[in-house]
Structure formats: structure tokens, C-alpha cells
Amino acid sequence: MRIDDIFAHAKTAGRTPVSFEMFPPKGELTLDRAREAAGALCELAPDFISVTCSAGGGGNFGQTAAIAHMIEEEFNVSSVAHLTCMSLTREQLMQRIEDYRTAGVENVLALRGDRPTPDSPAYGAPSDFSYASEIIPALVEAGFCVGGAAYPEGHIECDDLATSVAHLKLKQDAGASFFVTQLFFDNEVCYRFLDLAEKAGITAPITCGIMPFMSRTQISRMVFMCGASLPSPVIKLLAKYEDDPESLVRAGIDYACRQLIDLRDHGVDGLHVYTMNRPSVARAAVEALS
């Protein structure tokens, strides 16, 4: 089912759509292992599951398409295939479109993606696109339901939140019919962003992305990669469980679940859980919301 239809039906029914994100096989993680993870997530009856792809020439677009197809065909759950435009030529974009069509992909999340690092095969490779908004029209024309990323605290490379909101409007004008936010740890930050988006004329549904913190290393990486700020309650939890990794994981999941409940109670358009391929994270979220 198209994601815009899912949001429309949920709004009519007065409920909040819940979705998950998973990533494709890496290294020793085979497609069968991905099937196990997807199956466990699908048992929780999400409204859809998004499947990431490596940016900067990571080369796993085929796995992204295969998993998205598997989720739809084997588990009867709607899927969204990510597509990054960094290091992508127009010819490659047309090939990705054909690959996704062949796999039966109906929904695509258009993303810029991370810039390739010097050790990446795509470093220095030609690219015809600089922003996700530039590939959205071609995806819409190809018949996909297209979504885009939203940044509650602004994109990490953009100093001005108003500019990030303006870029969001550009994506909507280009044809995006839904948005998924970057992770955040302070719901008040998200509410302020949603207010700015509404004032800027954003009418497409924005589903709020939440990722539990699992360790100091993980949260440090997220802060530097995504520019997410750490509110005082998170810093205190990190300090409290500094020498107790298991308790820190439990505290991180509990904090994320409380975020999700508060977001739902505030009437956001949707809830998106970054599961890190851990069905236990998704299960905790569903149980908390129920």
C-alpha cells in the first residue's frame, strides 16, 4: 500500500501509524538472517517498514530492494525502500528506478545520504545531484510514493533551522507526500519544529523518528553524525549507568518508549522506530504504546 494512503486511512480512523526501520545485510548478515529480523518485526503489525541503503556507493541497493520486496510479498506489510542521491548520476538513478520497479517497490524514501569518505569506493566519483529534492520529481514521475527526511534540529550541515524547514518545503513542492524525521531526544524540540513546518506550509504527514540509546559510544556517534542535542535527563542516565551497560540499555529503551507515548498523546502524524534490527526494541515500543 502507498504510504500516503496509510496516513490518510489512519487519520480517518483516528489512530497514529507506527512504523519501523531496518537495515540490509552487512558482512556475515545473510538475506536469511534479514528475513528473520524482518519476520520478527512484521509479527508486531507495523504500518510499514523502511529499509535503508548505504550512502556514498555502499553498493547494497540490490539488498534494499530484495528486502523491501520480501516484506511485502512474504509478510504482507508495506515497505519503503531508501534511495540516496550522493554519488549518483542520472543514468544510475534511472537504473535504480528500474531495479526498484522490477522488485515491486511502491514507496521510496529519497535521501541525500552521507558524503563518501576517502576510503569509500565512491570517493571522488561523479554525481549529478546534491540534494534529495533533485531526485524526487523523477521518482514521482516513475509512479512511486515518495517520502523525504525532516530534521527537527536542522540538518547537521545547515546552521539555520528556518533554512532546513525551507528545504523541507522544497521537497514537498517537488512531490514528496510524507516525511520521516531524524532521531531526537527532546520532544519539545520536535514540537517546535512541527510548528515551524506547519507555518511554512508543510501539509504532508511528518512521522517522528525515535532511536533508543544503547551505549555511550552509540549516542556519541549519533550526536556527531546527526547533530542531535542531549537533554539533561539523558545525560543523567548516561552518568548513572556509566558502569552498568545492561541497565543503560534498559534505561535507553524506557526513555524512548516514554518519548513515543508523549508524541502520540500530542497527536503527531506518525511514530517511526529506528530498531537497529533489534525486534526487542520494536516490541518494547509496541507494548508501551498499547
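Not measured: the values here are computed from a predicted model. (Residues numbered from 1 in each chain as written. Predicted model: local features only at pLDDT ≥ 70, side-chain atom pairs only at ≥ 80, totals over all residues. Heavy atoms only, no water.)

What follows is about the layout of surface pockets. In this structure, the second largest pocket spans a volume of roughly 550 Å³. In this structure, the second largest pocket is lined by 23 residues; those nearest its centre are Pro205, Ile206, Gly267, Val268 and Asp269. When residues of the lining of the second largest pocket are traced back to their parent elements, those giving at least two are α1 (3-13) and α7 (187-199). For the lining of the second largest pocket, a count of residues per class yields 12 nonpolar, 5 polar and 6 charged. (1 Å grid on protein atoms, 1.4 Å probe; cavity = no way out; pocket = protein on both sides within 12 Å on 5 of 7 lines; lining within 4 Å. Points joined across faces, edges and corners; volume = space filled by probe spheres on them. Helix = DSSP H or I, 4+ residues; strand = E, 2+ residues; numbered from the N terminus. Nonpolar A, V, L, I, M, F, W, Y, C, P; charged D, E, K, R; others polar.)

Grouped together as the largest cluster of nonpolar side chains are 64 residues, with contacts concentrated most on Met22, Ile71, Leu139, Phe144 and Leu263. Judged by nonpolar contacts, the second largest core, of 26 residues, contains Ile3, Leu109, Cys145 and Leu238. (Core = buried A, V, L, I, M, F, W, Y, C linked by side-chain atoms within 4.5 Å. Buried < 20%, exposed > 50% of the residue type's maximum accessible area, 1.4 Å probe, protein only.)

There is a patch of like negative charges on the surface, built from Glu242, Asp243, Asp244 and Glu246. Following the sequence through the fold, Asp243 ends up in the loop between α9 (232-240) and α10 (245-265). (Patch = residues over 30% accessible without salt bridge, like charges linked within 9 Å, V, L, I, M, F, W, Y side chains within 5 Å. Areas by Shrake-Rupley, 256 points an atom, 1.4 Å probe, with all protein chains shown as cover. Salt bridge = Lys/Arg side-chain N within 4 Å of Asp/Glu carboxyl O. Lys, Arg positive; Asp, Glu negative; His and termini not counted. Charge placed at Lys NZ, Arg CZ, Asp CG, Glu CD.)

Here we come to helix α6 (residues 161-174). Over its 14 residues, α6 runs 20 Å from end to end, which matches the ideal 20 Å to within 8%, given 1.5 Å per residue. Taken residue by residue, α6 has Ser164, Val165, Leu168, Lys171 and Gln172 as its buried positions. Axial view of α6: buried residues confined to an arc of 105 degrees, hence all on one face. In this structure, the buried side of α6 is in contact with α5 (136-141), β5 (145-150), β6 (178-181), α7 and β7 (206-210). Looking one or two residues past α6, Gly175 carries a phi angle of roughly 125 degrees, positive in sign. (Expected span 1.5 Å × (residues − 1). Arc of directions from axis to C-beta. Contact = heavy atoms within 4.5 Å.)

The next point concerns α9. Within the sequence span of α9, burial applies to Val234, Leu237 and Leu238. Seen from one end, α9 has its buried residues packed into an arc of 100 degrees, which puts them on one side. In α9, the exposed residues that point more than 90 degrees away from the buried face are Lys236 and Lys240. Tucked into the core, α9 has its buried residues touching α8 (216-226) and α10.

Nothing here speaks to function; it is geometry throughout.
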